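Understanding the architecture of this molecule
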Protein chains: 2
Amino acid sequence: MKNKIRIIIWGLGSMGSGIAKMILGKKGFTIVGAIDVDPNKAGRRLYEVLNMDPSEDSNCIVVKDADEIIKPNCADVCIIAAASFTKIVFPFIKKAAEAGMDVVTTAEEMSYPKAVDPELSEEMDKIAKENNVSILGTGVNPGFIMDFIVIALTGVCDKIDKLTVSRINDLTCFGKAVMKEQGIGLSPEEFTKRVKDNSVVGHVGFLQSFGMFEEAFNVKFDEVKQKKEPIVTRVKRSTDTALVKPGEVVGCRQLGSAKLGGKEFVKMEHPQQIRPELENVETGDYINIKGSPDIDLKIKPEIPGGIATIAICVNMIPLVINSTPGLKTMLDLPVPRAIVGDVRDLVKGES
Amino acid sequence: MKNKIRIIIWGLGSMGSGIAKMILGKKGFTIVGAIDVDPNKAGRRLYEVLNMDPSEDSNCIVVKDADEIIKPNCADVCIIAAASFTKIVFPFIKKAAEAGMDVVTTAEEMSYPKAVDPELSEEMDKIAKENNVSILGTGVNPGFIMDFIVIALTGVCDKIDKLTVSRINDLTCFGKAVMKEQGIGLSPEEFTKRVKDNSVVGHVGFLQSFGMFEEAFNVKFDEVKQKKEPIVTRVKRSTDTALVKPGEVVGCRQLGSAKLGGKEFVKMEHPQQIRPELENVETGDYINIKGSPDIDLKIKPEIPGGIATIAICVNMIPLVINSTPGLKTMLDLPVPRAIVGDVRDLVKGES
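Residues numbered from 1 in each chain as written. Chains lettered and ligands numbered in written order. Predicted model: local features only at pLDDT ≥ 70, side-chain atom pairs only at ≥ 80, totals over all residues. Heavy atoms only, no water.

A few points about the overall build of chain A
Looking only at helices and strands, one finds 10 helices and 15 strands in chain A. For chain A, whose C-alpha radius of gyration is 20 Å, the value lies close to the compact-globule estimate of 20 Å for 351 residues. C-alpha extents for chain A along the principal axes are approximately 55 × 50 × 35 Å. Looking at chain A residue by residue over its 351 residues, the buried ones come to 58%. Put simply, of all contacts in chain A between residues at least 6 apart along the chain, 72% involve residues at least 24 apart. For chain A, the accessible surface area stands at approximately 14,200 Å², while carbon and sulfur atoms represent 49% of it. Charge-centre separation for chain A: the mean point of 45 positive side chains lies 3 Å from the mean point of 48 negative side chains. (Helix = DSSP H or I, 4+ residues; strand = E, 2+ residues; numbered from the N terminus. Rg over C-alpha atoms; globule rule 2.2 N^0.38 Å. Buried < 20%, exposed > 50% of the residue type's maximum accessible area, 1.4 Å probe, protein only. Contact = heavy atoms within 4.5 Å. Areas by Shrake-Rupley, 256 points an atom, 1.4 Å probe, with all protein chains shown as cover. Lys, Arg positive; Asp, Glu negative; His and termini not counted. Charge placed at Lys NZ, Arg CZ, Asp CG, Glu CD.)

Following this line, the structure appears as structure tokens:
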């Protein structure tokens, strides 16, 4: 019997905790380390932090300082779920890769890091190759529904004239951090101000999706634009962590556009809000390809954000382990798929 | 400038001709040979057979006998669009691979050849590796919409309980060969008889899709079943090549089912018919995943069969050229994508 795949989880926020729980529900994984700076988590057993029953696969003590546990060959894969931006997770990725671990990260910018940080991307690719590991950023968006699946669908097209992609999703189940990032509860004026000073970030991902399109189609867009608008409610909307009055902001409508040869080639629309049903907004993922042939896809309701990001990070682990070394994107690896049985059986060669 | 990618097309039926035309519409390809046994095609220039304007990339003479043109290093890729079954295309594939060409084939069984011909599959893998080429079977179905895309969607699932996949499509635009294969115009009794003696084959692909699911999820189904039922019309339905009276067969409804652990895990439904709108049948592709999360996808109308199969065969060419040697499936290669610019720019290394 092969050894279990040894995982370190770096970051135990909602994504990291979800990933840890999903991993512990699969056969063939063991979590050998976990890192979180939160004083309510560090120092406790992982299973306690996750509010699960004890098991040998979740018995490690959560540490605050990565250096305590990241040593050469201490684990096979490091999952980094600590931030959205490449510049922030880069030192974490470097440390894990240099210790010989493959890396999977939820950091949105890492789904296509060349878009914003081409030099850091080159450096990560070099580090990965020197240490014989692979590095992947993924998630439901960016990384899957507004880019990867769109690109896959163009695989049955002779010609593409325009891609229109829309993801209308529900943020109701998310916590305070997301409410703040999206500007929920602000006045429209305050929202606009905070978009300008980057304290309302909205969706991090359009530049990465555009970068993925450019690579997939081997084109260079003439112009890429995005903007963030407040979604203002006409009715009271509340969640466990937010209470919004009429006239205030219940979410962020992100719009994106990429031109090729002077014409709009990709149009993206991503309004995210709490309690969309209160104003009869139907959530869903929509992909429309104008070309030969036309393709019109609808997924209703939308693929739910939290669980889907958690799942794709876990499901990509065996594909990342099997990959050639380097910095990878979803364009480089074989098609994702759910892990149904023992993950060890999906790993090629000896473990 | 790199040399153009040199293509041989083996089989100039509707798929092979469509592939040739699409290739000639892209930058960076040249067709250096074409093979067809039809005396109306063999002996003529390719552009004449395709009913196109002359060009240096379509100037070759269509030959009847492959040995006339298939010589070592005579082309980079051979497209085989000559039959549905692995046993029939195997000698063609062998000849092309042994001459050093990568192979892409429309043969439905080749989308997952291990399902029906495990020994021939091993042999093809060996031939491919010995000759440093790769071999891929693909198409819209099997190869894409009822398997590959379903598998990709499970990539965002923690758990999958049941996959229900339905493709309701329109055969109106197809020719006499398809009408015959599908039993169109027969009485229901004659249809049933011909299904038994295999002169009505219906859709060739469920066993291949099931095989692809088994490999993707690393499972072995307890039981796999399929059946073919006549779709009987209540109204007169006609096309350019068929005229069907009420009470006669306008198509074949193929049903498939795969069990895992005693429970139905995959359910497939694929009714194909002419003029579905005359009895208010809405065509479409439908994928439903029961699991965590549930996903409900609709593509309406369905991805059209002909152009989509043509396109995916062409679009996979650079990915097949870039692949490691061996017999490949859509599960092994990076995600398909439309070819937008010059195909040579998509090929890694020297040409």
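As for the interface of chain A and chain B
Every contact between the two is made by 48 residues of chain A and, on the other side, 48 residues of chain B. Counting the surface lost from both chain A and chain B, the interface buries some 3,700 Å², and carbon and sulfur atoms represent 67% of this. Among the residues of chain A in contact with chain B, V156, D158 and R337 of chain A are the three that bury the most area, contributing 15% of the side total. The tally of links between chain A and chain B comes to 2 salt bridges. Our count for the chain A to chain B interface comes out at 13 residue pairs in polar contact (both at pLDDT 80 or more). (Buried area = accessible area lost by both parts, 1.4 Å probe. Salt bridge = Lys/Arg side-chain N within 4 Å of Asp/Glu carboxyl O. Polar contact = N/O pair within 3.5 Å; in protein donor to acceptor, adjacent residues only side chain to side chain.)

Here we look at the UniProt feature "transmembrane region" (unreviewed entry) in chain A
Within this numbering scheme, the UniProt entry marks residues 7–24 of chain A as carrying the feature "transmembrane region" (unreviewed entry). Taken end to end, residues 7–24 of chain A is 61% helix and 22% strand, and its two terminal C-alpha atoms sit 10 Å from one another. (UniProt positions renumbered as here; feature names shortened; annotations may be inferred.)

Things to note about the sheet that holds strand β2 (residues 29–35) of chain A
Residue and element names in this part refer to chain A. Pairing is parallel in the open sheet, where 7 strands are placed in the order β3-β2-β1-β4-β5-β6-β15. With partners counted over all chains shown, the strands left at the sheet margins are β3 (62–63) and β15 (326–328), one partner each. In the sheet, strand β1 (residues 5–10) pairs with strand β4 (residues 77–80) via 4 bridges, with the strands oriented parallel. Looking at β4, one finds that I8 is bridged to C78. Across the sheet, helix α1 (residues 14–24) touches β1, β2 and β4, and the angle it forms with β1 is around 165 degrees. (Pairing = 2+ DSSP bridges. Axes fitted to C-alpha atoms, helices over the stretch in contact; angles between N-to-C directions.)

Focus on the packing of aromatic side chains
Evaluated as defined, the whole model comprises 14 aromatic pairs over all chains. Plain terms: the ring middles of F213 of chain A and F217 of chain A are 6.1 Å apart, the flat faces sit at 10 degrees to each other, and that makes the pair stacked. On the criterion of helical spacing, the pair formed by F213 of chain A and F217 of chain A is a turn pair, its members being 4 residues apart in helix α8 (residues 206–217). Residue classification places F213 of chain A among the buried residues on the basis of a relative accessible area of 0%. Note on W10 of chain B and F92 of chain B: the rings are 4.5 Å apart at their centroids and 5 degrees apart in plane angle, and the pair reads as stacked. (Phe/Tyr/Trp six-rings, centres within 6.5 Å; stacked < 30°, edge-to-face > 60°.)

Section: a nonpolar patch on the surface
Nonpolar side chains collect at one region of the surface, where V116, L207 and V224 of chain A lie side by side and expose about 190 Å² of accessible area between them. Looking at the secondary structure, you find V224 of chain A in strand β8 (residues 223–232). (Patch = residues over 30% accessible without salt bridge, like charges linked within 9 Å, V, L, I, M, F, W, Y side chains within 5 Å.)

Focus on the packing of helix α1 (residues 14–24) of chain B against helix α9 (residues 305–315) of chain B
Residue and element names in this part refer to chain B. Where α1 contacts α9, the two axes come as close as 9 Å, and the packing angle between them is 55 degrees. Viewed along their axes, α1 and α9 adopt a mutual orientation that is oblique. Considering the relative orientation of α1 and α9, their crossing is right-handed. Where α1 approaches α9, its residues S14, M15, G18, I19, M22 and I23 are matched on the opposing element by G306, T309, I310, A311, C313, V314 and N315. Per-class residue counts for the contact of α1 with α9 are 8 nonpolar, 5 polar and no charged. (Parallel < 35°, antiparallel > 145°, perpendicular 65-115°, else oblique. Left-handed = near helix turned anticlockwise from the far one by under 90°. Nonpolar A, V, L, I, M, F, W, Y, C, P; charged D, E, K, R; others polar.)

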